[in-house]
Amino acid sequence: MKDALKEFIKPGSKEEALVNKIDFSRLPQHVAVIMDGNGRWAKKRNKPRVEGHKAGSKAVQEVVETCSRMGIKYLTLYAFSKENWKRPKKEVRTLWELLFNYLRKESNVLMENKFRLNVIGDIEQIPKKARKELTKVIHQTREYDRFTINLALNYSGRSEIVDAVKKIMDEERIHKNNVDEDLFSRYLYTSGIPDPDLLIRTSGELRISNFLLWQIAYSEIWVTPVFWPDFSREHMLEAIVDYQERERRFGDIKPKQ
Ligand code: FPP
């Protein structure tokens, strides 16, 4: 995977120096990203907020390419929260259009590279045009496991937990004494996907914003002041280098190997 990434990188660049610091045998398996700051990026340039989202869509492509070439297995992107419906109608419409365009443009790339697309969140309420395209690409890529793009859409961490409780209560064969953390995890939207090792948030806010509340219990958190549309390959590499310098103890006193 290192070679697939190296092809991309200019000799002598800062990116190359970062790649050389990465231990490819200790990559995070799962990286989750709170893509924040599209609105502020646009405001800074006297542009409408939707322009920030359009630029944010391009950053999505670059990050997908970087993570897949690096050898990361799962990338979860927080693209639309349940709370985002409160935004102006035009902005909400643009966000779903951008998702539709992204899927139309990228579905061939996903299939050629054997990338899987998965969605976490309440898919039923997603506008029909985007939902149909999503369902199609999810179906087309369901057997692939080389790299999974996990889109959080119409997502809320609290709703996910409540939904899991409801599903467990519906299963008559489960006795409460048999409910433990492993069982509970299997009823979350992320069932079968390991918890994120690394959580990245852009635009400097120190908040979780109802994202993967259960799954980030022991994730390493990396926050950058950079607005999402400016988030580049170099920032992703920086985050990985920083992650590898951390000591993960999971409550123990010695690092876990
Ligand atoms: C947060 O910025 C960003 C979002 C709510 C949407 C993220 C969407 C994209 C990056 C584009 C489409 C996605 C895909 C997967 C193609 P904000 O608007 O809250 O920024 P602000 O805090 O500066 O206002």
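All figures in this text were calculated on a predicted structure; none of them were measured in a lab.

S.K.: Is there a simple way to explain the site of the ligand in this structure?
M.R.: Around the ligand, 17 residues are found, and the nearest of them are Met35, Gly39, Arg40, Arg49 and Arg87. Between an oxygen atom of the ligand and a side-chain N or O atom of arginine 40, the distance comes to 2.7 Å. Take arginine 49: an N or O atom from its side chain is 2.8 Å from an oxygen atom of the ligand. Burial of the ligand by the protein chains amounts to 92% of its free accessible area of 620 Å². Its residues assigned to classes, the shell around the ligand shows 6 nonpolar, 7 polar and 4 charged.

S.K.: What should I look at first to understand the pattern of salt bridges in this one?
M.R.: Working definition: two side chains of opposite charge can pair if their charged atoms are close together. The full count for this structure, using the stated rule, is 24 salt bridges. Two residues, aspartate 230 and arginine 45, come together in a salt bridge whose shortest N-O distance is 3.8 Å. Taken together, the residues aspartate 230 in the loop between strand S6 (220-223) and helix H9 (233-244) and arginine 45 in the loop between helix H3 (38-44) and helix H4 (49-70) connect sequence positions 185 residues apart. Taking the relative accessible area as the measure of exposure, aspartate 230 reaches 32% and is therefore partly exposed. Owing to a relative accessible area of 32%, arginine 45 belongs among the partly exposed residues under this scheme. The shortest N-O distance in the salt bridge between glutamate 171 and arginine 173 comes to 3.1 Å.

S.K.: I'm lost on the environment of arginine 131 in this one. Help?
M.R.: With respect to the secondary-structure elements, arginine 131 resides in helix H6 (residues 128-140). Sequence separation between arginine 131 and leucine 99 is 32 residues, and the spatial gap between their C-alpha atoms is 9.7 Å. In contact with arginine 131, other than residues within four places in its own chain, are Ile123, Glu124 and Ile126.

S.K.: I would appreciate a short explanation of the packing of H4 against H9 in the present structure.
M.R.: Any two packed helices are characterised by the angle at which their axes cross and by the distance between the axes. Packing of H4 against H9 leaves a shortest axis separation of 9 Å and a crossing angle of 45°. In terms of axis orientation, H4 runs oblique to H9. Judged by the twist between their axes, the crossing of H4 over H9 is right-handed. Counted together, Glu62, Val63, Thr66, Cys67 and Met70 of H4 and Arg233, Met236, Leu237 and Ile240 of H9 form the full contact between these two elements. Across the contact of H4 with H9, the residue classes break down as 6 nonpolar, 1 polar and 2 charged.

S.K.: Mind showing me how you'd approach the sheet that holds strand S2 (residues 74-81) here?
M.R.: Adjacent strands of a sheet form backbone hydrogen bonds with each other and so pair up, either parallel or antiparallel. Spatial ordering of the open sheet is given by S3-S4-S2-S1-S5-S6, a layout of 6 strands whose pairing is parallel. Here the strands that pair on one side only, and so sit at the sheet edges, are strand S3 (115-120) and S6. Averaged over all neighbouring strand pairs, the angle between strand axes comes to 20°, with direction disregarded. As paired elements, S3 and strand S4 (residues 147-155) share 6 bridges and run parallel to each other. Bridging from a neighbouring strand, valine 119 pairs with leucine 151 of S4. Helix H5 (residues 89-112) rests against S2, S3 and S4 of the sheet, and its axis sits at about 165° to S4.

S.K.: Help me understand the nonpolar core, please; the structure alone is not making it clear to me.
M.R.: Soluble, globular proteins show a tendency: their nonpolar side chains are buried together. Core analysis: the largest hydrophobic core is formed by 49 residues, its most contacted members being Val31, Met70, Leu75, Leu153, Ile200, Met236 and Ile240. In this view, leucine 75 contacts Val31, Val33, Val63, Val64, Cys67, Phe147, Thr148, Ile149 and Asn150; residues no more than four positions away in its chain are not counted. In terms of nonpolar packing, the next biggest core, distinct from the first, is built from 11 residues, Tyr155, Leu199, Leu212 and Ile216 among them.

Cut-off values and rules
Residues numbered from 1 in each chain as written. Predicted model: local features only at pLDDT ≥ 70, side-chain atom pairs only at ≥ 80, totals over all residues. Heavy atoms only, no water. Near = heavy atom within 4 Å. Polar contact = N/O pair within 3.5 Å; in protein donor to acceptor, adjacent residues only side chain to side chain. Areas by Shrake-Rupley, 256 points an atom, 1.4 Å probe, with all protein chains shown as cover. Nonpolar A, V, L, I, M, F, W, Y, C, P; charged D, E, K, R; others polar. Salt bridge = Lys/Arg side-chain N within 4 Å of Asp/Glu carboxyl O. Helix = DSSP H or I, 4+ residues; strand = E, 2+ residues; numbered from the N terminus. Buried < 20%, exposed > 50% of the residue type's maximum accessible area, 1.4 Å probe, protein only. Contact = heavy atoms within 4.5 Å. Axes fitted to C-alpha atoms, helices over the stretch in contact; angles between N-to-C directions. Parallel < 35°, antiparallel > 145°, perpendicular 65-115°, else oblique. Left-handed = near helix turned anticlockwise from the far one by under 90°. Pairing = 2+ DSSP bridges. Core = buried A, V, L, I, M, F, W, Y, C linked by side-chain atoms within 4.5 Å.

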